[in-house]
Every structure is written in C-alpha cells, then in structure tokens.
Amino acid sequence: MLDSSSSSYMPIVLQSIVALGFVGLVLVLVPMLGPKSKGSTKTDNFECGIEAQGDARVKFSVKYFLTAILFVLFDVEVIFFYPYAVNFKSLGSPGFLAVVMFVAFFLIGFFYVLKKGALEWEK
Amino acid sequence: MDLILEKSILIIVIFSITLVIAMYSTYMERKVAAFLQDRIGPDRAGPFGILQPLADGGKMFFKEDFIPAKSERWLFILGPGIAMLTALMTSAVIPWGTSIEMFGRNISLQVADINIGILYVMGFLSIGVYGIMVGGWASNNKYSLMGAIRASSQMISYELAMGLSIIAIVMMNESLSLSVIAEKQDSWHWNVLYQPLGFLIFIVCAFAETNRAPFDLAECDSELIGGYHTEYSSMKLGFYLFAEYINMFISATMISTLYFGSYNFPGMHWVGDHLGHNWLAIIEVAVLFSKIIFFIFFFMWVRWTLPRFRYDQLMHLGWKVLIPLAIINMLITGGWMTYVWK
C-alpha cells in the first residue's frame, strides 16, 4: 500500500532540481542573447504611447482586499472538509451529521458576508 | 541508485513531453481559431505551418530582454520564474499509466506516488498566484497592476469552489492519492458518471484558474493592454505565456484523471489478457493523452465561442453560484453514500 515516508517524496526533490535548473538557466542565459539599447524614454513604463503619469503605487478598490481576506477565511474551512472526506466511510452516520452541522455554521458565515454586501461589485 | 536513475529518466521524458505539448498547443490554438473563424491559420513555416512554434520560440530567445527603469528589478525577474516553476512542478504526481516492465523491473509511470496528490496540485496552483502578482506589481505599470490584482482575486475565488468540488471525489475514493483515484475508475466506471455536477463545477473553475477565456479578464486586451505581462519581453514574456499553456495541459490532465477515468478505458482487461502487460501500458498512455488533447481542444473551442465575462459577473458566478452548488453537491454525495447506497 501507500507509504507516507520521506522516500516517496524523493522524486519530487529530483523534479524540483530539474525545474529550478531549467528556469534558472533560461532566466540567466537568455538576457545575454538579445540586443540591448537604453534611453530615458525607452526604459519608461508603457502607457499607450503617451508620457507615463506617476507610477503604479496607487490606491485600488478595497473590494479586492475583502475578497482576499474572505478567501483565507473560507479556504481554511474548506480544508477542514478534507480529513473528513478521507475517513468518510469509517465515520458513518455520526460523522455525516457532524459535517452537516459544520456546513450549517459555514453557511451562516457565508450568508452574513452576502447580506453585508461584501461581494457586491456594482456599488 | 537504480530508482534514482529510473525516476530521473521519467522526469526528463515527462518534462520534454510537457514542453512539446505546451509549444504545440500554441500552434493548435491558432489552427483551431482559424478553423472556427473560417481562416487558414499559420501555413508558412514548414508543411501546414508545423514549424511555426519553433520559429516563435527561436525568435523569443533572441529578442531584447527589457526591464523598465521604474520596476523592482529582482521581483520583476522572479515573477515569470515562479510562474514557470509552479507550472512545471505539478506533473510529478500525475499517474500517466499503471506500470511498464522493462529490463526485468516493474517501472511505475508516475514520478511520485504520494498520498496527498490532490493537495500537492492545489498547493502549487495557489503558489502560481504569486508568479502573476509579483510580476504585475513589480512592473510598476498601472495596467500590469490592475491585471495582476484581477487575476489573483479571480484565481483565489475559484480555488474555493474547486476545492469544494473535489471533496465529493475524495469521499467516493477515500483517498487524496491520484493513483488510487485513477485505479478505482476501472474500465468504464468513470467518476463523471457519478459526479456530473462536480465535474461541471470543476471544469468551470479550471477555466478560471488558467485565466482562459471566458475568464481572461486579467489580460483583456481592450482595457488592460496585456494585463500583468504588459512590460515583459523576450523569454520572460515567453515564460508567462508558456506557463499558461502548461497550466492548460495540467488542467486537462486533472480533468481526465479525476473525472474521465484517467488511463482507464472499456475493454482494458481484455487487452491486458490478450496482448500482454506492456502493450496495455502503451495503450493506456495513448488513451490518457487522447483524453487530454480532447480537453485542450475543448479549452480552445470555448475560448473562440464564448464572449468574456464582466468582472462583477465573474465574481457573482464564483462566490454566489459555484460555492453553494459545490456544497450542495458535497452534501448530496455524503447523504447518498451514508444512508442510501452503502
């Protein structure tokens, strides 16, 4: 059967060495191949051909931040389902009822977020 | 020692296949687009334009590698590196077939048979967000920033629904190992027959995770120029585009593995009994790859058929439709398997 010992992760180390080697090599070598030219207009940021106004360190909609915070919250809750799903059959009916309860709590939080309008993008 | 050699060869073979498939996906995309729009598509480089990806790749290697003066230099280089690295790592846990007998050894066609395969793939998917966010932010360009924020916020939103839709599959198999999930879909017992709703949620999320149309708001050309890779050129741009195609390949593989029976096909036992183990392994790999290529084609078909979503529609679909649907799907699966069909 499956073993969770460290030996089964050995190939992943190998794969990461190959992947890191490939990515590193290309990122170091390829810039040496192409031509180079410099100039203040040339190295300016692209803004549809007109002169760039300021830079990109600007304020942006807080909705994105809310989405990220809610993601962290709900992703942690989703991860709690995984151990249950793996032991699903052995936990049987009591396990299922416990999960229904957990889902109910999950949904209460979810509807609270919806009612608060945290995911309304038009407003 | 033998094991390390065996695994190294397998890793390098899978790497090459991944890169070739990603390269030729660009060719296939242009040909499919041309076919759907009643055009011819690339036809100059070689017969039927078959050398076009090589020409594109070669050109990218010899282009000027441009770094804007205002950018954060190291993060700017790191961004495409992360994107490419995470795209290349996920192929490690996918079972490409059962095993092949060679030189008196039984060689498994899976690089690493770890028992948390699904979590491994989901984990690398999450790290992929960093590649886009770091690159887009480091460019110090407003369009790049907008594209990066849109992309990351879209990807994390759909990751939730994706994680929830997989739970039903994990319940049915009681394992997070992809090799166990593949093995249990013997002959025609494909998971899509038991989990049609889960499959639908998963494939929509896969489109969103790979930033493919109709969810390609991160780089919708008409408003954001090129999105997060506006400032990139040469092979750094190549890495972003390549990573997208590799992710598409991996997504198609995950769809086939989780829902469409992986390497299994009806009549596989007959083939195994009559033609021998190695022939079965070869046919299995061929079957898996034809499923993958079909789904890559499906990705392209959708791209050239459906128009792009608006951002609020995208968020509405992800949070208010797919997440509740995935939870309902999970509860139905759980209830059914606990009380009705034991």
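The structure presented is a predicted model; accordingly, all values stated were derived computationally and were not measured.

Engineer: Any chance you could break down the overall build of chain B for me, citing the residues and the numbers?
Structural biologist: Scanning chain B from N- to C-terminus turns up 13 helices and two strands. Summarising its shape, the C-alpha atoms of chain B cover approximately 60 × 50 × 45 Å along the three principal directions. Here chain B holds 342 residues, and the buried ones make up 61% of them. With an accessible surface of roughly 13,600 Å², chain B has 70% of that area assigned to carbon and sulfur atoms. Computed over 21 positive and 25 negative side-chain charges, the inter-centroid distance for chain B is 8 Å.

Engineer: Quick rundown of the side chain of Ser251(B)? Include the residues and the values.
Structural biologist: All names here are of chain B. Note that Ser251 resides in helix α10 (residues 234-258). Exposure remark for Ser251: the relative accessible area of 13% places this residue in the buried category. In contact with Ser251, other than residues within four places in its own chain, are Ala206, Thr210 and Phe299.

Engineer: Account for the pairing of strand β2 (residues 105-108) of chain B, naming residues and giving values.
Structural biologist: All names here are of chain B. As defined by bridge partners, strand β1 (residues 99-102) adjoins β2 across four bridges and the pair is classed as antiparallel. The residue of β2 that forms the bridge with Glu101 is Asn106. Taken together, β1 and the strand that follows it, β2, pair antiparallel across an intervening segment of two residues, in which Phe103 is found at a positive phi of about 50°.

Engineer: Would you mind going over empty space enclosed by the protein in detail, with residue names and values included?
Structural biologist: Within this structure, the stated rule accounts for two cavities of 30 Å³ or more. Quantified by volume, the largest cavity comes out at close to 360 Å³. In this structure, the largest cavity is lined by 27 residues; those nearest its centre are Leu125(B), Met155(B), Glu209(B), Thr210(B) and Asn247(B). Elements that contribute at least two residues to the lining of the largest cavity include exactly α3 (73-89), α4 (117-138), α5 (142-173), α8 (196-209) and α10 of chain B. Residues that form the lining of the largest cavity fall into these classes: 18 nonpolar, seven polar and two charged. Taken together, Asn45(A), Glu47(A), Ala52(A), Gly54(A), Asp55(A), Ala56(A), Lys70(B), Asn140(B), Asn141(B) and Lys142(B) make up the full set of residues lining the second largest cavity. Along the lines of polarity and charge, the residues of the lining of the second largest cavity split into two nonpolar, four polar and four charged.

Engineer: Let's hear about the nonpolar core: which residues, and what values?
Structural biologist: One finds Ile118(B) and Leu258(B) to be the most contacted residues of the largest nonpolar core, which totals 135 residues. What Ile118(B) contacts, discounting residues up to four positions off in sequence, is Tyr82(A), Ile166(B), Val170(B), Leu176(B), Leu178(B), Ile181(B) and Leu258(B).

Engineer: Any details on the side chain of Asn264(B)? Residues and values, ideally.
Structural biologist: With respect to the helices and strands, the residue Asn264(B) is situated in the loop between α10 and α11 (268-275). Overall, Asn264(B) belongs to the buried group, its relative accessible area being 1%.

Engineer: I'd like to hear about the confidence of the model for chain B, residue by residue, with values.
Structural biologist: Note: predicted coordinates in regions of low pLDDT should not be interpreted at a detailed level. All names here are of chain B. Overall, the predicted model of chain B reaches an average pLDDT of 87, with 99% of residues at or above 70. Confidence scores differ between elements of chain B, with helix α9 (residues 221-224) showing the lowest mean pLDDT of 69 and α8 the highest of 91. For this predicted complex, the interface confidence reaches an ipTM of 0.85, while the overall pTM sits at 0.90.

Engineer: Can you break down the packing of helix α1 (residues 10-33) of chain A against helix α1 (residues 2-36) of chain B residue by residue, with the values?
Structural biologist: Between α1(A) and α1(B), the least distance of the axes is 10 Å, while the angle of their chain directions is 45°. Here α1(A) is positioned oblique relative to α1(B), judged by the angle of their axes. Crossing of α1(A) over α1(B) shows right-handed handedness. On α1(B), the residues touching Met10(A), Pro11(A), Leu14(A), Gln15(A), Val18(A), Ala19(A) and Phe22(A) of α1(A) are Leu3(B), Ile4(B), Lys7(B), Ser8(B), Ile11(B), Phe15(B) and Leu19(B). Grouping the constituent residues of the contact of α1(A) with α1(B) by class yields eleven nonpolar, two polar and one charged.

Engineer: Describe a nonpolar patch on the surface, listing the residues and the values that go with them.
Structural biologist: The grouping of Leu97(A), Trp336(B), Tyr339(B), Val340(B) and Trp341(B) at the surface amounts to a nonpolar patch, some 590 Å² of accessible area in total. Its location among the elements puts Trp336(B) in helix α13 (residues 311-340).

Engineer: An account of the interface of chain B and chain A is requested, with residue identities and associated values reported.
Structural biologist: Listed as interface residues are 85 residues of chain B and, on the opposing side, 70 residues of chain A. Taken over both partners, the interface formed by chain B and chain A buries close to 6,900 Å², and the fraction arising from carbon and sulfur atoms is 73%. Area buried by chain B at its contact with chain A is led by Lys142(B), Glu174(B) and Trp319(B), which between them contribute 10% of it. Linking chain B with chain A are one salt bridge. In this structure, Glu72(B) and Arg57(A) form a salt bridge, with 3.5 Å as the shortest nitrogen-oxygen distance. Remark: the boundary between chain B and chain A carries eight residue pairs in polar contact (both at pLDDT 80 or more). Those elements that provide at least two residues to the side of chain B that touches chain A are α1, α3, α4, α5, α10 and α13 of chain B. Of all the elements, α5(B) adds the most residues to the side of chain B that touches chain A, at 18 residues.

Engineer: Can you tell me about the environment of Ser233(B), naming the residues and giving the values?
Structural biologist: Residue and element names in this part refer to chain B. Tracing the chain through its elements places Ser233 in the loop between α9 and α10. Given the relative accessible area of 17%, Ser233 is considered buried. Measuring from C-alpha to C-alpha, the distance between Ser233 and Lys63 comes to 7.4 Å, with 170 residues separating the pair along the chain. Other than its neighbours up to four places away in sequence, Ser233 contacts Glu64, Asp65 and Phe66. Of note is the side chain of Ser233, whose polar atom sits 3.0 Å from the backbone oxygen of Glu64. A polar atom in the side chain of Ser233 sits 2.9 Å from the backbone nitrogen of Phe66.

Engineer: Give me the pattern of salt bridges: which residues, what numbers.
Structural biologist: All names here are of chain B. Scanning all chains against the criterion turns up eight salt bridges over all chains. For Arg212, the salt bridge goes to Glu244, with nearest N and O atoms at 3.8 Å. Of the two residues, Arg212 is situated in the loop between α8 and α9 and Glu244 in helix α10; the sequence distance between them amounts to 32 residues. Each of Glu29, Arg212, Glu244 and Arg303 takes part in one network of salt bridges that share partners.

Scoring rules and cut-offs
Residues numbered from 1 in each chain as written. Chains lettered and ligands numbered in written order. Predicted model: local features only at pLDDT ≥ 70, side-chain atom pairs only at ≥ 80, totals over all residues. Heavy atoms only, no water. Helix = DSSP H or I, 4+ residues; strand = E, 2+ residues; numbered from the N terminus. Buried < 20%, exposed > 50% of the residue type's maximum accessible area, 1.4 Å probe, protein only. Areas by Shrake-Rupley, 256 points an atom, 1.4 Å probe, with all protein chains shown as cover. Lys, Arg positive; Asp, Glu negative; His and termini not counted. Charge placed at Lys NZ, Arg CZ, Asp CG, Glu CD. Contact = heavy atoms within 4.5 Å. Pairing = 2+ DSSP bridges. 1 Å grid on protein atoms, 1.4 Å probe; cavity = no way out; pocket = protein on both sides within 12 Å on 5 of 7 lines; lining within 4 Å. Points joined across faces, edges and corners; volume = space filled by probe spheres on them. Nonpolar A, V, L, I, M, F, W, Y, C, P; charged D, E, K, R; others polar. Core = buried A, V, L, I, M, F, W, Y, C linked by side-chain atoms within 4.5 Å. pLDDT = per-residue confidence, 0-100. Axes fitted to C-alpha atoms, helices over the stretch in contact; angles between N-to-C directions. Parallel < 35°, antiparallel > 145°, perpendicular 65-115°, else oblique. Left-handed = near helix turned anticlockwise from the far one by under 90°. Patch = residues over 30% accessible without salt bridge, like charges linked within 9 Å, V, L, I, M, F, W, Y side chains within 5 Å. Salt bridge = Lys/Arg side-chain N within 4 Å of Asp/Glu carboxyl O. Buried area = accessible area lost by both parts, 1.4 Å probe. Polar contact = N/O pair within 3.5 Å; in protein donor to acceptor, adjacent residues only side chain to side chain.

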